[in-house]
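Secondary and tertiary structure notes
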Amino acid sequence: MAERSVAAAEQGSRTADREDARTPPLRPGGYEPADYAAAVVRSAREAGVSSLLVMTVLHNEAYKPHHPLLERLWQWWKPGASFGLANMHRATFERVRRTHGLPGRWQDLRDDPAFAIRTAALHLKDLDRSLPRRHVRRYTRDELLALGYNTGERNMRAFARGVPPGPMARSYLRRFRAYRGRAAEALADGGEPRDTVTGR
């Protein structure tokens, strides 16, 4: 009986996740990261990272359509492509899966937006653990974590020591800063739009 209750609770949680994270639209330009605010808040809280950080990363990664059919076509054209709302590569997903004992496969990221958001939040948590507490003052901690999400842990740690980022990383950082306000607005009703360091 207890097993049935646990299974029912898990099924109810998955149903709620699906309602908060429906399939992105097929129409180009129809995807809006703000539609996933509830899933972002839940996943960020579970991972212990800033929901504003996760939402801003989603805005940065919204440069291509995220409908599962379009992602399959994208992968056919570019086999090493990333999947899901947060554009995660297979090697990164496998690291997060092993570290956190996640169920599912990398391909599930394209079909399950809530799973993609949860995986991204857990990856940001792992990056946060590897980032030194002290770093150059030109970046906030969230900016370094976003750079780590984009360029990898080793590069993130180098930027934290003062190594200047290359042109692609600088472009990612500019977009991250530009999207910060939109991400905060998306979370205004359901999250805590604050930087993990400054509290703003």
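Note that this is a predicted model, so its numbers are computed, not measured.

A closer look at the overall build of the protein chain
- A tally of helices and strands in the protein chain yields 10 helices and zero strands.
- Secondary structure elements of the protein chain, listed N to C terminal, follow the sequence α-α-α-α-α-α-α-α-α-α.
- Within the protein chain, contacts between residues separated by at least 24 positions form 63% of all contacts whose residues are at least 6 apart in sequence.
- Of the roughly 10900 Å² of accessible surface on the protein chain, 52% is carried by carbon and sulfur atoms.

Quick notes on the pattern of salt bridges
- Scanning the model with the defined rule gives 10 salt bridges in all.
- Here Glu 32 ties to Arg 182 by a salt bridge, and the two come within 3.7 Å at their closest N and O atoms. Of this pair, Glu 32 sits in the loop between helix 1 (2-20) and helix 2 (37-47) while Arg 182 sits in helix 10 (residues 167-187), and the two are 150 residues apart along the sequence.
- Its salt-bridge partner being Arg 105, residue Asp 108 comes within 3.3 Å of it at the nearest N-O pair.
- Accessibility expressed as a relative area gives 21% for Asp 108, which makes it partly exposed.
- Ionic contacts of the salt-bridge type, sharing partners, join the residues Asp 128, Arg 133 and Arg 141 into one network.

Some thoughts on the nonpolar core
- If you look at the biggest cluster of nonpolar residues, it comprises 50 residues, and the most contacted ones within it are Val 54, Val 57, Leu 109, Ile 117, Leu 124 and Tyr 149.
- Residue assignment for this core shows that the elements contributing at least two residues are helix 2, helix 3 (51-60), helix 5 (90-100), helix 7 (113-130), helix 8 (141-151), helix 9 (153-161) and helix 10.
- Of all the elements, helix 7 adds the most residues to this core, at eight residues.
- Apart from residues lying up to four places away in sequence, Ile 117 is in contact with Tyr 36, Ala 39, Val 40, Ser 43, Val 54, Leu 58 and Leu 85.

Concerning helix 3
- Summarising burial for helix 3: 10 of the 10 residues are buried, a large majority.
- Those residues of helix 3 that fall on the buried side of the exposure criterion are Ser 51, Leu 52, Leu 53, Val 54, Met 55, Thr 56, Val 57, Leu 58, His 59 and Asn 60.
- Elements that come into contact with the buried residues of helix 3 comprise helix 2, helix 7, helix 8 and helix 10.
- Two or three places before Leu 52, at the start of helix 3, stands the capping residue Ser 50, its side-chain oxygen 3.1 Å from that residue's backbone nitrogen.

Some words on helix 9
- All of the buried residues in helix 9 are Met 156, Ala 158, Phe 159 and Ala 160.
- Where helix 9 is buried, its residues meet helix 7, helix 8 and helix 10.

Notes on the packing of helix 3 against helix 10
- Where helix 3 meets helix 10, the closest approach of the two axes is 8 Å, and the angle between their N-to-C directions is 120°. Taken together, the axes of helix 3 and helix 10 are oblique relative to one another. By crossing handedness, the relation of helix 3 to helix 10 is classed as right-handed. Listed contacts from helix 10 to Ser 51, Leu 52, Leu 53, Met 55, Thr 56, Val 57, His 59 and Asn 60 of helix 3 are Tyr 172, Arg 175, Phe 176, Tyr 179, Arg 180, Arg 182, Ala 183, Ala 184, Ala 186 and Leu 187.

Quick look at unusual backbone geometry
- Backbone geometry at Asn 87 places phi at a positive 50°, although glycine is not the residue there.
- By the element assignment, Asn 87 lies in the loop between helix 4 (68-77) and helix 5.

As for the packing of helix 2 against helix 3
- It is the contact of helix 2 with helix 3, at a shortest axis distance of 8 Å, that shows an interaxial angle of 130°. As the angle between them shows, helix 2 and helix 3 are arranged oblique. The two elements helix 2 and helix 3 cross, and the hand of that crossing is right-handed. Taking contact as the criterion, the partners of Ala 37, Val 40, Val 41 and Ala 44 in helix 2 are, on helix 3, Ser 51, Val 54, Met 55 and Leu 58.
- Across the contact of helix 2 with helix 3, the residue classes tally to seven nonpolar, one polar and no charged.

Quick notes on the confidence of the model for the protein chain
- Overall, the prediction assigns the protein chain a mean pLDDT of 82, with 74% of residues at 70 or greater.
- Of all the helices and strands in the protein chain, helix 1 carries the lowest mean pLDDT, 41, while helix 8 carries the highest, 97.
- Contacts from residues 1-19, a stretch scored under 50 in pLDDT, to residues over four places away or in other chains number six contacts.
- Note on residues 191-200: pLDDT under 50 across the span, and 22 contacts to partners over four residues away in sequence or across chains.

Cut-offs and rules
Here the residue numbers are simple positions, counted from 1 along each chain's written sequence. Where totals are concerned, whole chains, interfaces and linings use all residues; where local detail is concerned, this predicted model gives features only for residues with pLDDT of at least 70, and gives and counts side-chain atom pairs only at 80 or more. In computing side-chain properties, one takes all heavy atoms of the structure into account and sets aside hydrogens as well as water. Think of it this way: any DSSP run of H or I at least four residues long counts as a helix, any run of E at least two long counts as a strand, and we number them from the N terminus. By definition, residues are in contact when any of their heavy atoms lie within 4.5 Å. In short, Shrake-Rupley with a 1.4 Å probe defines the accessible areas, and a residue's cover is counted only from the protein chains shown. Salt bridge, as applied in this entry: a Lys or Arg side-chain nitrogen positioned within 4 Å of an Asp or Glu carboxyl oxygen. Burial classes follow relative accessibility: with a 1.4 Å probe on protein chains only, a residue under 20% of its type's maximum area counts as buried, one over 50% as exposed, and anything between as partly exposed. Definition used in this section: a nonpolar core is a set of buried Ala, Val, Leu, Ile, Met, Phe, Trp, Tyr and Cys residues joined via side-chain atoms within 4.5 Å. Polar contacts, as used here, are pairs of N or O atoms within 3.5 Å; protein pairs need one atom able to donate a hydrogen and one able to accept it. Residues neighboring in sequence count only if both atoms are side-chain atoms. The axes used here are C-alpha line fits, helices contributing only the stretch in contact, and every angle between their N-to-C directions lies in the interval 0 to 180 degrees. Orientation labels follow simple angle bins: below 35 degrees gives roughly parallel, above 145 gives roughly antiparallel, 65 to 115 gives roughly perpendicular, and whatever is left gives oblique. The sense of a crossing depends on the near helix, which, turned anticlockwise from the far helix by less than a right angle, makes the crossing left-handed and, turned clockwise, makes it right-handed. Gly falls in the polar group here, along with every residue not listed as nonpolar (Ala, Val, Leu, Ile, Met, Phe, Trp, Tyr, Cys, Pro) or charged (Asp, Glu, Lys, Arg). The predictor rates its confidence in each residue with pLDDT, a number between 0 and 100.

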